[in-house]
Amino acid sequence: MKYALPYISYTQINTYLKCPHEFWLTYYSGDFTPISNKYTELGSLLHEIFEEQGRQLIAGEPMPEKEAIRIFNKKYFQIDKKYFSDKEDWLKMYKKGAEAIKNYFEVYRNSPPLFVERKFFGEIAEGLPPAKSFIDRIDGDPNDPSSWIITDYKTGASTKSKEYLKNDIQLGFYASQVFAEFGVYPKALQFFHPVPNKFQTAIHIGDGVYRFTNQREPVVEFSVSDTIMTIREVVRKIIEEQDFHKVPDPYKCKLCSHYQSGACKPFDNSQLGWFNV
């Protein structure tokens, strides 16, 4: 069995790490239609606005905050009301989005990025399928990738836990792609959370190892080499073991689109077969 997709991505690998069966249903079954919700709709809209604001800054035509709010209002009102439980829920999410835009502009109003939605595609390690990513924002010297600060926007209401930062491979995945293309590691990688208006930044301390700032001990570190080892193991399990077992979780499963669509019934023994193993 070969890796059935033309490339690997952080989302693919992360999906498998969460639940191999979710990976199979999403990428291998050939019968998957994504199901949106209020969180994905708001997240997509905010990313769209942040990207356009960055592009306009690069072009020397700064987007006024009022224009960002106008775009947000127009498109938020077009989101299907079925995603909200009631008017209060709709208003709560609206206020969350408006606050995110306000906080984003406080940080990036007059700061042109080097790139927005920069595409990376290519081999990050021998024997792996090519890796593909679109990075939200890159700042730094265009002639010195070792000066780059890689930023990924997170539009949830809170920052990531230490446990999440310790186990998640997204920032390491991005660092591996920069290194593969330019032969150097970026200066820093970070999550920006515009709702609470906070950064979680990891600084390169040498040899592809990153250490988060502003944390109490024990401070979380991660390495690009460990990230690649994790990716290798996931790809091996997919290709050699064809391991697509379920990972039932009373909370997480109910947020999964496959559970919501009825394609996966993790708590129902009537779904028999090797996928249940």
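Relevant structure appears above.
A short tour of the structure in this document, coming up. Going along each chain's sequence as written, the residues are numbered from 1 onward. The predicted nature of this model means local features are confined to residues of pLDDT at least 70 and side-chain atom pairs, given and counted, to a pLDDT of 80 or more, with totals for whole chains, interfaces and linings taken over all residues. The side-chain numbers reported here are obtained from all heavy atoms of the structure, hydrogens and water having been left aside.

## Thoughts on the packing of aromatic side chains
Heads up, the rule is: Side-chain rings of Phe, Tyr and Trp (the six-membered ring for Trp) are treated as a pair once their centres are within 6.5 Å; stacked means planes under 30 degrees apart, edge-to-face means over 60, and tilted covers the remaining angles. Comment: elements are numbered from the N terminus, with helices defined as DSSP H or I runs of at least four residues and strands as E runs of at least two. Accessible area is worked out with a 1.4 Å probe on protein chains only. A residue is then buried under 20% of its type maximum, exposed over 50%, and partly exposed in between. For a ring to carry a charge above it, either NZ of a lysine or CZ of an arginine must fall within 6 Å of the ring centroid while also lying within 35 degrees of the normal to the ring plane.
One pass over the structure, following the stated rule, counts 28 aromatic pairs. With a centroid separation of 6.3 Å and an interplanar angle of 5°, the aromatic rings of Phe-23 and Phe-244 are classed as stacked. Note that Phe-23 is positioned in helix α2 (residues 20-28) and Phe-244 in the loop between α8 (224-241) and α9 (257-261), a separation of 221 residues in sequence. Here Phe-23 falls in the buried class, since its relative accessible area comes to 0%. Considering the side-chain rings of Phe-212 and Phe-222, the 5.9 Å spacing of their centres and the 50° angle between planes classify their relative orientation as tilted. Residue Phe-212 is located in strand β6 (residues 209-212), and its partner Phe-222 is located in strand β7 (residues 221-223); the two are separated by ten residues in the primary sequence. Exposure class is identical for Phe-212 and Phe-222. Each is buried. Cluster of aromatic residues (ring-pair linked, three or more members): Phe-50, Tyr-104, Phe-105, Tyr-108, Tyr-153, Phe-192 and Phe-199. In this structure, Arg-118 packs its charged tip against the face of Phe-120, placed 4.2 Å from the ring centre.

## Quick look at helix α3 (residues 38-58)
Stated formally: To estimate the expected span of a helix, count its residues, drop one, and scale the result by 1.5 Å. Arc definition: it is the arc formed by the directions from the helix axis to the C-beta atoms. What makes two residues a contact is simply this: any of their non-hydrogen atoms within 4.5 Å. What qualifies as a polar contact is a pair of N or O atoms within 3.5 Å, subject to a donor-acceptor requirement within protein and to the restriction that residues adjacent in sequence count only when both atoms come from side chains.
Taking 1.5 Å per residue, 21 residues should reach 30 Å; α3 reaches 30 Å between its end C-alpha atoms and fits that length. Among the residues of α3, Lys-38, Leu-42, Gly-43, Leu-45, Leu-46, Ile-49, Phe-50, Gln-53, Gly-54 and Leu-57 are the ones counted as buried. Relative to the axis of α3, the buried residues are bounded by an arc of 165° and lie together on one face. Where α3 is buried, its residues touch α4 (65-76), α5 (87-108), β1 (115-122) and β3 (149-153). Of the residues flanking the start of α3, the one acting as N-cap is Asn-37, its side-chain oxygen 2.9 Å from the backbone nitrogen of Tyr-39. Gly-60 sits one or two positions beyond α3 and adopts a positive phi of about 80°.

## Points about the pattern of salt bridges
Opposite charge on two side chains allows them to pair when their charged atoms are near. Using the following cut-off: Salt bridges are defined as contacts in which a side-chain nitrogen from Lys or Arg sits within 4 Å of a carboxyl oxygen from Asp or Glu.
As enumerated under the stated definition, the model contains 14 salt bridges in all. Among the salt bridges present, the one from Lys-102 reaches Glu-106, with a minimum N-O distance of 2.9 Å. Of this pair, Lys-102 and Glu-106 both sit in helix α5, four residues apart, which is roughly one turn of the helix. In this structure Glu-106 comes out as partly exposed when scored by relative accessible area, which is 48%. Among the ionic pairs, Arg-236 bridges to Glu-241, the shortest N-O distance being 2.8 Å. Each member of the salt-bridge network shares a partner with another, and the members are Glu-233, Arg-236, Glu-240 and Glu-241.

## A closer look at the side chain of Asp-89
Here Asp-89 lies in helix α5. Residues contacting Asp-89, with those up to four places away along its chain left out, are Lys-38, Tyr-83 and Phe-84.

## As for the packing of helix α1 (residues 10-18) against α2
For clarity, the cut-off: Inter-axis angles, ranging from 0 to 180 degrees, are taken between N-to-C directions of lines fitted to C-alpha atoms, where helices are fitted over the stretch in contact. Our angle categories are set so that under 35 degrees counts as roughly parallel, over 145 as roughly antiparallel, 65 to 115 as roughly perpendicular, and the remainder as oblique.
Contact geometry of α1 with α2 gives a least axis separation of 5 Å together with a crossing angle of 135°. Classified by the interaxial angle, the pair formed by α1 and α2 is oblique. Side by side, α1 and α2 meet where Thr-11, Gln-12, Thr-15, Tyr-16 and Lys-18 of the first sit next to Pro-20, Glu-22, Phe-23 and Tyr-27 of the second.

## Describing the pairing of strand β2 (residues 131-139)
Operational definition: Strands are treated as partners if at least two bridges between them are detected by DSSP.
By the criterion of burial, β2 is predominantly enclosed, with seven of the nine residues buried. In terms of strand pairing, β1 meets β2 through seven bridges, oriented antiparallel. Note that in β2 the partner of Phe-120 across the bridge is Ser-133. For β2 and β3, the ladder comprises three bridges, and the chain directions are antiparallel. For Asp-139, the partnering residue across the bridge sits in β3 and is Ile-149.

## A few points about the nonpolar core
Where we set the bar: Residues belong to a common nonpolar core when they are buried Ala, Val, Leu, Ile, Met, Phe, Trp, Tyr or Cys residues joined through side-chain atoms within 4.5 Å.
Counting residues in each nonpolar core, the largest one holds 40 residues, and the members touching the most others are Tyr-3, Phe-23, Ile-150, Leu-189, Tyr-210, Ile-231 and Ile-238. Counting residues per element, the ones that place at least two in this core are α1, α2, β2, α7 (170-182), β4 (188-193), β6 and α8. Setting aside residues no more than four positions away along its own chain, Tyr-3 makes contact with Ile-8, Gln-12, Phe-23, Tyr-28, Pro-129, Val-235, Ile-238 and Ile-239. Counting residues in hydrophobic clusters, the runner-up holds 23 residues, among them Leu-45, Met-63, Ile-71 and Tyr-94.

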